[in-house]
Number of protein chains: 2
Amino acid sequence: MFARIDHIGIAVEDLDAALALYERDYEMVLVHREVVEEQGVEAVLLDVGENHVELLAPLGPDTPVGKFLAKRGPGIHHVAYQTTDIVAELERLTAAGVRLIDETPRTGIRGSSVAFLHPKSSGGVLTEIVQPSHEGH
Amino acid sequence: MFARIDHIGIAVEDLDAALALYERDYEMVLVHREVVEEQGVEAVLLDVGENHVELLAPLGPDTPVGKFLAKRGPGIHHVAYQTTDIVAELERLTAAGVRLIDETPRTGIRGSSVAFLHPKSSGGVLTEIVQPSHEGH
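Residues numbered from 1 in each chain as written. Chains lettered and ligands numbered in written order. Predicted model: local features only at pLDDT ≥ 70, side-chain atom pairs only at ≥ 80, totals over all residues. Heavy atoms only, no water.

Describe the packing of aromatic side chains, naming the residues involved and giving the relevant values.
All chains considered together, the criterion is met by 8 aromatic pairs over all chains. Plain terms: the ring middles of F2(B) and Y81(B) are 5.0 Å apart, the flat faces sit at 5° to each other, and that makes the pair stacked. On the criterion of sequence distance, the pair formed by F2(B) in the segment before strand 1 (4–11) and Y81(B) in strand 5 (residues 75–82) is long-range, its members being 79 residues apart. For F2(B), a relative accessible area of 4% translates into the label buried. Through a chain of ring-to-ring contacts, three or more aromatic side chains come together here, namely F2(A), Y81(A), Y22(B) and Y26(B). (Phe/Tyr/Trp six-rings, centres within 6.5 Å; stacked < 30°, edge-to-face > 60°. Helix = DSSP H or I, 4+ residues; strand = E, 2+ residues; numbered from the N terminus. Buried < 20%, exposed > 50% of the residue type's maximum accessible area, 1.4 Å probe, protein only.)

Just give me the short version of the sheet that holds strand 5 of chain B, but keep the residues and values in it.
Residue and element names in this part refer to chain B. If you trace the 8 strands from one edge of the open sheet to the other, you get 2-3-4-1-5-8-7-6, paired in mixed fashion. Of all the strands in the sheet, the pair left with one neighbour each is strand 2 (29–36) and strand 6 (106–107). Strand direction decides the pairing type here: strand 3 (residues 41–48) and strand 4 (residues 51–58), joined by 8 bridges, are antiparallel. Along strand 4, the bridge assignment pairs V44 with L55. Along the sheet, helix 3 (residues 86–95) contacts strand 7 (113–116) and strand 8 (127–131); its crossing angle with strand 8, the most-contacted strand, is approximately 145°. (Pairing = 2+ DSSP bridges. Contact = heavy atoms within 4.5 Å. Axes fitted to C-alpha atoms, helices over the stretch in contact; angles between N-to-C directions.)

Report on the interface of chain A and chain B, specifying residues and quantitative values.
In many reports, interface size means the accessible area that the parts give up when they come together. Chain A puts 38 residues into the contact, and the matching count from chain B is 37 residues. For the pair chain A and chain B, the summed buried surface comes to about 3,000 Å²; carbon and sulfur atoms form 60% of the total. For the pair chain A and chain B, the number of links is 2 salt bridges. Along the contact surface separating chain A from chain B lie 11 residue pairs in polar contact (both at pLDDT 80 or more). The set of elements that each furnish at least two residues to the side of chain A that touches chain B consists of strand 1 (4–11), helix 1 (15–25), strand 4 (51–58), strand 5 (75–82) and helix 3 (86–95) of chain A. In terms of residue count, the dominant contributor to the side of chain A that touches chain B is strand 5 of chain A (5 residues). Residue composition of the side of chain A that touches chain B, grouped by class: 21 nonpolar, 10 polar and 7 charged. (Buried area = accessible area lost by both parts, 1.4 Å probe. Salt bridge = Lys/Arg side-chain N within 4 Å of Asp/Glu carboxyl O. Polar contact = N/O pair within 3.5 Å; in protein donor to acceptor, adjacent residues only side chain to side chain. Nonpolar A, V, L, I, M, F, W, Y, C, P; charged D, E, K, R; others polar.)

Mind laying out the sheet that holds strand 5 of chain A, listing which residues take part and the relevant values?
Residue and element names in this part refer to chain A. Spatial ordering of the open sheet is given by 2-3-4-1-5-8-7-6, a layout of 8 strands whose pairing is mixed. The sheet is open, and its two borders are formed by strand 2 (29–36) and strand 6 (106–107), each paired with just one other strand. Summarising the sheet, strand 5 and strand 8 (residues 127–131) pair through 4 bridges and their orientation is parallel. For Y81, the partnering residue across the bridge sits in strand 8 and is I129. Along the sheet, helix 3 contacts strand 7 (113–116) and strand 8; its crossing angle with strand 8, the most-contacted strand, is approximately 145°.

Just give me the short version of helix 1 (residues 15–25) of chain B, but keep the residues and values in it.
The set of residues buried in helix 1 of chain B consists of L15(B), A18(B), L19(B), L21(B), Y22(B) and D25(B). Of the surrounding elements, those touching the buried residues of helix 1 of chain B are strand 5 and helix 3 of chain A together with strand 1, strand 2, strand 3 and strand 4 of chain B. Where helix 1 of chain B begins, the side chain of D14(B) points an oxygen toward the backbone nitrogen of D16(B), at a separation of 2.9 Å.

Tell me about the relation of the copies chain A and chain B, and name the residues and values.
Rotating chain A by 180° and translating it 0.0 Å along the rotation axis places it on chain B, where the RMSD comes to 0.0 Å. The relationship between the two copies is best expressed as a two-fold rotation axis. Rotation axis and chain A: the residue whose C-alpha lies nearest the axis is I76(A), separated from it by 3.4 Å. Comparing interface residues between copies, 97% of those in chain A also sit at the interface in chain B, which points to an isologous, same-surface contact. (Least-squares fit on C-alpha atoms with pLDDT ≥ 70 in both.)

Give a description of the pairing of strand 4 of chain B that names residues and reports values.
All names here are of chain B. Counting buried positions along strand 4 yields 7 of 8 residues, so the element is predominantly enclosed. In this structure, strand 1 lies alongside strand 4, joined through 5 bridges in parallel fashion. Each residue of the ladder has a partner; that of H7, found in strand 4, is H52. Counted along the chain from strand 3 to the antiparallel partner strand 4, the turn is 2 residues long, and its residue G49 has a positive phi close to 60°.

Read these as geometric descriptors, not functional statements.
Now the structure itself:
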């Protein structure tokens, strides 16, 4: 059972131009900025109530987000659902027949534990499961 | 200021196949099902905490969601942010220079008031503003 939508991940060409929209026009509060080398992105998190928007700018054209932008342009890249026990959730999903990209959780933004489901099992939607590093974040 | 992510809208070819994934495997609770003729979709809402997933199946190939599926395949179609005063929010966004598709709210799923922003103003992300018909729904 997922507790909430943790975030939507949005692929952008230019982080500062996107921040002008999300911070200034949408009045969302920037709470975190981090280069995630492993995923080839610079990412920022903005608060929307208890949910977040994660803006993702690629570190280069050969990264997953770089390829996404080249193919589809800026837009919604993935959705992440929040859980309080990612290991149990991945076991439950596997038992239900859902294929995983990450069989075991890895470290995501802001010290969270994350895993991606395989798009072939998730109706074409890139779907991430997130356990925040501290409850409520 | 948006209160939370109200929902993500996901375009699907087959509503019942998608429900098997979202209800059975993801354990989300189906709370509403409605044909929205004006938007050319049959839509279902599932609860994810205080957020929702909205699955959208087109009523025909010439509808917006039908064209989206033909071009991009199943996937995330839009994001909707929740507000308690959509009229004030649209005025504020217009003053900030954001272009709107809907200058005045129209009726969305489950009696909500909704308006779409113009993708040219929203970084390529189809973005909807929602005021639920009853606070908290």
